[in-house]
Amino acid sequence: VFTAAGYVSIYSAAKHGAHQEIRQATDRLAYMVGELQLRTVSLRKQFALDLHGDLQAKLQAALVRLERSTSNDPEFINQVLHDLAGATEGIENPNSKPESIELLRALPGLWNGICEVTINLDSYAEARLSENQGLSAVVVEIVRERIINGVKHSSAEEIDISIQLEGDVLVISSRNEDLGVGLKLDSSKGGGSKLLDEVCQSWTLGSDMGDVVFEARVAS
């Protein structure tokens, strides 16, 4: 009897241990599946930002150059080819992208010869962006969107952008003249508007004395 009881006890302990290992393995598997799903969502969002942001901006710049020029000058053709090459670089070499704060500083140069873009970044805002890459990436997308819309919808030749820190809120504002179809198309609900709805505490788009004015407030 004692021997049988011992065997039963050993069997029960082994069975309990096996069940525990199965539960642990199931929990680990569930965690790994969840982590994989999160990574997949993150990659999809990043790819969407690449397509809507950097890629779109560079393709738009190349398109505007072609539409506004009747020249076959080699320097002009090289500039268009440079825009097109830069458009695909971030997709082909995702690890080659500079930090977001550097992308922000580089944005005006993309539009040389098309639109004079001025970005005024106060020292407090710059310090906050330098220490928070996620926030910096959001600001880059907002600024990039404003430049694209100003050129595309308003035929803007000058765009003034200001980025300031007010307490714990970053305020991104812009002003550009409206020489095209302007505010009506600029304010239509597209990918840019959806992005603003997701990342901003609030944002406004309006007109003032013939200019398109914009302001977005982002928690920092």
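So, here is what we can say about the structure in this document. What you are looking at is a predicted structure, and each value in this text was computed from that prediction instead of being measured. (Residues numbered from 1 in each chain as written. Predicted model: local features only at pLDDT ≥ 70, side-chain atom pairs only at ≥ 80, totals over all residues. Heavy atoms only, no water.)

1. Overview of helix α5 (residues 133-154)
Phase 1: Relative to the 32 Å expected for 22 residues at 1.5 Å per residue, α5 spans 31 Å between its end C-alpha atoms, a close match to the ideal helical length.
Phase 2: For α5, the buried fraction is high: 17 of the 22 residues fall into the buried class.
Phase 3: Backbone geometry just after α5 places S155 at a positive phi near 50°. (Helix = DSSP H or I, 4+ residues; strand = E, 2+ residues; numbered from the N terminus. Expected span 1.5 Å × (residues − 1). Buried < 20%, exposed > 50% of the residue type's maximum accessible area, 1.4 Å probe, protein only.)

2. Here's the deal with the packing of helix α3 (residues 100-110) against α5
Phase 1: Interhelical geometry of α3 versus α5 gives an angle of 20° and a closest axis separation of 8 Å. Viewed along their axes, α3 and α5 adopt a mutual orientation that is roughly parallel. Like other packed secondary-structure pairs, α3 and α5 cross with a definite hand, here left-handed. Seen from α3, the contacting residues are S100, I101, L103, L104 and L107; seen from α5, they are Q133, S136, A137, V140, V143, R144 and I147.
Phase 2: Of the residues belonging to the contact of α3 with α5, the class tally is 8 nonpolar, 3 polar and 1 charged. (Axes fitted to C-alpha atoms, helices over the stretch in contact; angles between N-to-C directions. Parallel < 35°, antiparallel > 145°, perpendicular 65-115°, else oblique. Left-handed = near helix turned anticlockwise from the far one by under 90°. Contact = heavy atoms within 4.5 Å. Nonpolar A, V, L, I, M, F, W, Y, C, P; charged D, E, K, R; others polar.)

3. A word on the pattern of salt bridges
Phase 1: Taken as a whole and judged by the stated rule, the model has 8 salt bridges.
Phase 2: For the salt bridge of R144 with E141, the shortest nitrogen-to-oxygen distance reads 2.8 Å. With R144 and E141 both in helix α5, this residue pair falls 3 residues apart, about one helical turn. The same class applies to R144 and to E141, which are both buried.
Phase 3: A salt bridge links R175 to D211, with the nearest nitrogen and oxygen atoms 3.1 Å apart. Here D211 lies in strand β5 (residues 211-219) and R175 lies in strand β3 (residues 169-177), a separation of 36 residues in the sequence.
Phase 4: Salt bridges sharing partners connect three or more residues here, namely E102, R105 and E126. (Salt bridge = Lys/Arg side-chain N within 4 Å of Asp/Glu carboxyl O.)

4. Quick notes on the environment of T118
Phase 1: Structurally, the position occupied by T118 is in strand β1 (residues 116-121).
Phase 2: Among the residues examined, T118 registers a relative accessible area of 29% and is labelled partly exposed.
Phase 3: Separated by 41 residues in the primary sequence, T118 and I159 have C-alpha atoms spaced 6.3 Å apart.
Phase 4: In this view, T118 contacts I159, D160 and I161; residues no more than four positions away in its chain are not counted.

5. Notes on the environment of R65
Phase 1: Mapped onto the elements, R65 comes out in helix α1 (residues 2-68).
Phase 2: Note on R65: relative accessible area 9%, which makes it buried.
Phase 3: Along the primary structure R65 and F76 are separated by 11 residues, whereas in three dimensions their C-alpha atoms are 8.4 Å apart.
Phase 4: The residues contacting R65, other than those within four sequence positions of it, are F76, Q79, V80, D83, L110, W111, N112, G113 and I114.

6. Focus on the sheet that holds strand β2 (residues 158-166)
Phase 1: Strand order in the open sheet formed by 5 strands is β1-β2-β3-β5-β4, with mixed pairing between adjacent strands. Because the sheet does not close on itself, it has two edges, and the strands there are β1 and β4 (202-208). With strand direction ignored, the average angle separating the axes of adjacent strands in the sheet is 15°.
Phase 2: Note: β4 against β5, 7 bridges, orientation antiparallel. Opposite T204, over in β5, you have E215 as the bridge partner.
Phase 3: Against the sheet, α3 makes contact with β1 and β2, and its axis sits at roughly 145° relative to β1, the strand it touches most.
Phase 4: Across the sheet, helix α4 (residues 123-130) is in contact with β1, β2 and β3; its angle to β2 comes to roughly 75°. (Pairing = 2+ DSSP bridges.)

None of the figures reported here should be taken as evidence of function without further support.
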